[in-house]
Amino acid sequence: MATGVSLLVGFSLQQLVDESLGRWAQGFHDVGAALVWVSLALGAIHGVKAAIESIAELEPNIDVLMVVGAGLAALIGHPGEGALLLFMFTLAGALEHRALAKAKDAVERLSKLMPNEALKRINGAWTPVVPEELVAGDVILVRPGETIPTDGVVTDGVSTVDQSTLTGESLPRPVDPGDEVYAGTLNENGALEIEVSRPMRESSLQRILDLVIEAQGQRQPIQRVIDHFSTPYTLSVFAFAILTLLYFSLFHHLPSGERMAFTDAAYRAITLLIVASPCALVIATPTATLCGLNRAARGGVVVKGGDALERLAGVKHVVVDKTGTLTTGQISVVGFETSDGADVDALLPIVLAIEERSTHPIATAIAKYLRSRDVQPTALDAFEMVSGKGIRAVSAGQDAHLGTVEYVAPHVNADMRSRIENEVLRARKDGGITAVFAYGGEAVVFALADTTRPGADQFVFDLREAGVETVTMLTGDSRLVAEKVARELGIAEVHAELLPEEKVARIKEMRASSARHGRLAVIGDGVNDAPALATADIGLAMGGIGADAALETADVVILHDDLRVAPWSIRIARKIRSVMYQNLIFALVVIATLAVFALIGWIPMGVGVIGHEGSTLIVVGNSLRILAFSGVRN
């Protein structure tokens, strides 16, 4: 700031030359000149220090070019241009650091949301402790409106938890006893007792922050190339500037036939030195990458560095697992049919009473479904498990049977038996499973299936919109079930009944055949798909917020179970790549144009300074646009 003010005031006073003011005019001019030199000195403070450090490391860089350029400009009688160069260079550097800090802050601010204390149960009383002291097995109380300090399992209480800061989910998640909760998420409207599952330093939030911060330190391949040639480029610019000085001072003749004055030749060489400096080129990729990584993290996607970003942007073929990825991996009731004239309101309470006494996954699914319909269980007089077949119970003095159609059918009226068996056969052909209930001669057939995840119905369409050309399903599930899900979701290519090693072999084959057309990505649930994720060009793990395997194996971790995020992650990767190329092309064009203009003397040094540093500011601003990227995912 002081550099800019001194330069502005000094330049203004130098222009105040009015002969009517007499000696005062010369005085103003001298004060202005002094202020310009002060501005030059102030601007050099930071630049000289950085330049000396780079020279000491034998890696001369942009700082050396700028300091030398400003110093030489002052030496040949143009301190104003030198001061302007250092001021704009310092300003551009400050704005660049501010932009990068803003990008990093989008994720690192999550760590500041952690509470300073937690209420731990000690000898039956809730005692405040430092969250870092919590260990697995401790029980803590989290009140409404408080942040959960570490990962754990709810043991008592019902509430909703806002996970938006961690996963990007827009809607709060309801939690009950037995549900997992994670550090850094907000408990909204109910008191929760939570058993700590891991210390704060090992929490999901901390691991995610560590991954993102590590990714921020990695560079795009093209950036590594730029870094590698940074020092040779700097030395080349110095050499070319010296050759320019020698040519114009010794060999170039003006239209009048005279040789160019040495100061004029030096002015042209110094202008070339300044405009050829690769400021905008050097920051073209890191600003875009950092902004992109942090926008992705804000949307619930952790991308492990610049290499992963580049591979994700090039995805053309997606291979997706079924169970746990396209589907929830948990069976649920999709509907039920009753015999003609059956009293549903009388039958369903008996079913709920029976299923609440069973721990079988089918019983759990049916009980959950009936409770969602506000069914209330009735009283039972007896309850008996029939091994491998189902359950026998007694209600209001009558037998009730629930289980396989083979077990229940003999207890149904003969005229209804055929219809029930047909309903079961139809459900099985669709890849579903059934449970049959009989009571008082009447029957209910429940159809159950592994349901698709939210966003699955749009998944293939969204991938196509993101530029993916081929979508393939690989699963170890039965062909009948796999083909049913594939038909529902519009997936044309299906490979079913595969062992894990067979999945890997298929992925290798597809990867080899699609190598000419683009990258192959595998999307899995991150738990049992680790070999497949590791084999692909890039692996995306779904629902990885609490999965160690996902965080360790996958290149991209989607922190919750919304399938819409996978196509979104590809779109943002392509957006980052697009912005990066825009920055590189723009920076190269500006450098080349200004260098040519400087070489032939078409631009003064001041215009070159403004054009050079202005292009740096434009590159920074273009990268910052990524932080506002929407692409459907908020």
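Refer to the structure presented above.
My aim in this report is to walk through the structure given alongside it, one point at a time.

Conventions we followed
Residues numbered from 1 in each chain as written. Predicted model: local features only at pLDDT ≥ 70, side-chain atom pairs only at ≥ 80, totals over all residues. Heavy atoms only, no water. Helix = DSSP H or I, 4+ residues; strand = E, 2+ residues; numbered from the N terminus. Buried < 20%, exposed > 50% of the residue type's maximum accessible area, 1.4 Å probe, protein only. Contact = heavy atoms within 4.5 Å. Areas by Shrake-Rupley, 256 points an atom, 1.4 Å probe, with all protein chains shown as cover. Expected span 1.5 Å × (residues − 1). Salt bridge = Lys/Arg side-chain N within 4 Å of Asp/Glu carboxyl O. Pairing = 2+ DSSP bridges. Patch = residues over 30% accessible without salt bridge, like charges linked within 9 Å, V, L, I, M, F, W, Y side chains within 5 Å. Phe/Tyr/Trp six-rings, centres within 6.5 Å; stacked < 30°, edge-to-face > 60°. Lys NZ or Arg CZ within 6 Å of the ring centre and 35° of its normal. Lys, Arg positive; Asp, Glu negative; His and termini not counted. Polar contact = N/O pair within 3.5 Å; in protein donor to acceptor, adjacent residues only side chain to side chain. Axes fitted to C-alpha atoms, helices over the stretch in contact; angles between N-to-C directions.

### Section: the overall build of the protein
Within the protein, the secondary structure is distributed over 23 helices and 22 strands. Looking at the protein as a whole, 51% of its 634 residues qualify as buried. Relative to all contacts within the protein whose residues are 6 or more apart in sequence, the contacts with residues 24 or more apart total 68%. Here the protein displays about 29100 Å² of accessible surface, and carbon together with sulfur accounts for 58% of that area.

### Things to note about helix H13 (residues 344-355)
Over its 12 residues, H13 extends 16 Å from the first C-alpha to the last, a length consistent with the 16 Å expected when each residue adds 1.5 Å. In terms of burial, H13 is largely enclosed, as nine of its 12 residues are buried.

### Thoughts on the pattern of salt bridges
Considering all chains together, one arrives at 13 salt bridges under this definition. In this structure, arginine 143 engages glutamate 146 in a salt bridge whose closest nitrogen and oxygen atoms are separated by 2.8 Å. The exposure class assigned to glutamate 146 is partly exposed, which follows from its relative accessible area of 26%. For glutamate 423, the salt bridge is made with arginine 426, and the minimal N-O distance between the two is 2.9 Å. Here glutamate 423 and its partner arginine 426 are both found in helix H16 (residues 414-429), three residues apart, which amounts to about one turn of the helix. Residue glutamate 423 is classed as buried on the basis of its relative accessible area, which comes to 16%.

### Things to note about the pairing of strand S9 (residues 192-196)
Counting buried residues in S9 gives four out of five residues, a clear majority hidden from the surface. Relative to S9, strand S3 (residues 139-142) runs antiparallel, the two being bridged by four bridges. Bridge pairing links leucine 141 to glutamate 193 in S9. The sheet contact formed by strand S4 (residues 152-156) and S9 spans four bridges and is antiparallel. Pairing of glycine 152 across the sheet is with valine 196, part of S9.

### Here we look at the sheet that holds strand S5 (residues 159-162)
Hydrogen bonds along the backbone pair up the strands of a sheet, which may run parallel or antiparallel. If you walk across this open sheet you meet the three strands as S6-S5-S8, and the pairing is antiparallel. Looking at strand neighbours, the two that pair on one side only are strand S6 (173-175) and strand S8 (186-187), the edges of this open sheet. Bridging between S5 and S8 involves two bridges; their strand directions are antiparallel. From the neighbouring strand, aspartate 162 faces S8, where its bridge partner is leucine 186.

### Considering a nonpolar patch on the surface
A surface patch of nonpolar side chains, about 710 Å² in accessible area, is lined by Phe240, Ile242, Leu243, Leu246, Tyr247, Leu250 and Phe251. Assignment of secondary structure puts isoleucine 242 in helix H8 (residues 230-250).

### Regarding unusual backbone geometry
A positive phi is found at aspartate 374, a non-glycine position, where the angle reads about 65°. Along the chain, aspartate 374 turns up in the loop between helix H14 (361-372) and strand S13 (382-386). With phi around 55°, alanine 396 is a residue other than glycine that occupies positive phi space. Tracing the sequence through the fold places alanine 396 in the loop between strand S14 (390-395) and strand S15 (398-403).

### So, the packing of aromatic side chains
For the structure shown, the criterion picks out six aromatic pairs. Note on phenylalanine 336 and tyrosine 369: the rings are 6.3 Å apart at their centroids and 75° apart in plane angle, and the pair reads as edge-to-face. Taken as a pair, phenylalanine 336 in strand S12 (residues 327-338) and tyrosine 369 in helix H14 lie far apart in primary sequence, 33 residues in all. Like tyrosine 369, phenylalanine 336 is buried. Here the aromatic rings of phenylalanine 437 and tyrosine 439 are separated by 6.5 Å at their centres, their planes lie at 10°, and the arrangement is stacked. By relative accessible area, tyrosine 439 is classed as buried at 12%. Cluster of aromatic residues (ring-pair linked, three or more members): Phe336, Tyr369 and Phe446. Lying across the ring of phenylalanine 248, arginine 268 places its NZ or CZ 4.6 Å from the centre.

### As for the side chain of arginine 268
Its place among the elements puts arginine 268 in helix H9 (residues 262-275). For the buried arginine 268, which has no salt bridge, the nearest side chain bearing the opposite charge is aspartate 264, at an N-O separation of 7.9 Å. At a separation of 3.4 Å, a polar atom in the side chain of arginine 268 contacts the main-chain carbonyl oxygen of leucine 599. Non-local contacts of arginine 268, meaning those with residues more than four positions away in its chain, are made with Phe248, Met260, Ala598, Leu599, Ile600 and Gly601.

### Some remarks on the sheet that holds S12
Taken in spatial order, the six strands of this open sheet run S12-S17-S16-S15-S14-S13, and their pairing is antiparallel. Strands at the two margins of the open sheet, each flanked by one partner only, are S12 and S13. Each neighbouring strand pair of the sheet contributes to a mean axis angle of 20°, computed without reference to strand direction. As paired elements, S12 and strand S17 (residues 442-452) share eight bridges and run antiparallel to each other. Among the inter-strand pairings, valine 333 is bridged to a residue of S17, identified as leucine 448.

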